[in-house]
Amino acid sequence: MPRYFFHIDDNHAFPDNDGTVLDDAATACAQAIMTAGAMLKESSGRVEDGIEWRMTVVDEVGRTVCELHFSAHCTE
């Protein structure tokens, strides 16, 4: 089974050097969405205004299979 790497960047790079073995790219994308949701939930609503958070999922050869972007712009 292929290995996928979930790299995170929120103005600080957090590379995934170990990766996760998953069935296919579709499963890796679904895992990225669930992981991102869990990370946002754990933040308890504290997101730095104007900072883009990004998760890029790449396969074993470095090809991007999924990319998620999140940013918040709060007026108050």
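This report concerns the structure included in the present document.

Parameters at a glance
Residues numbered from 1 in each chain as written. Predicted model: local features only at pLDDT ≥ 70, side-chain atom pairs only at ≥ 80, totals over all residues. Heavy atoms only, no water. Buried < 20%, exposed > 50% of the residue type's maximum accessible area, 1.4 Å probe, protein only. Helix = DSSP H or I, 4+ residues; strand = E, 2+ residues; numbered from the N terminus. Expected span 1.5 Å × (residues − 1). Arc of directions from axis to C-beta. Contact = heavy atoms within 4.5 Å. Polar contact = N/O pair within 3.5 Å; in protein donor to acceptor, adjacent residues only side chain to side chain. Core = buried A, V, L, I, M, F, W, Y, C linked by side-chain atoms within 4.5 Å.

We now examine unusual backbone geometry. Phi at N11 is positive, roughly 75 degrees, even though this residue is not glycine. Its relative accessible area of 55% is what places N11 among the exposed residues.

Taking 1.5 Å per residue, 18 residues should reach 26 Å; helix α1 (residues 25-42) reaches 25 Å between its end C-alpha atoms and fits that length. For α1, the set of buried residues is A28, C29, A32 and A36. What you see down the axis of α1 is that its buried residues fit within an arc of 100 degrees, all on one side. Residues A26, M34, K41 and E42 are exposed on α1 and point more than 90 degrees away from its buried face. Looking at the packing, one finds that the buried side of α1 touches β1 (3-9), β4 (53-58) and β5 (64-70). Between the side-chain oxygen at the start of α1 and the backbone nitrogen of A26 there is a gap of 3.3 Å, and the oxygen is on D24.

Turning to the nonpolar core, a few remarks are in order. Ranked by internal contacts, the top residues of the largest apolar core, which has 13 residues, are F6, A32, M55 and V57. Mapped by element, the contributors of at least two residues to this core are β1, α1, β4 and β5. Looking at which element gives the most residues to this core, the answer is α1, with 4 residues. Those residues within four positions of V57 in sequence are excluded, and the remaining contacts are Y4, F5, F6, A28, A32, R63, T64, V65 and C66.

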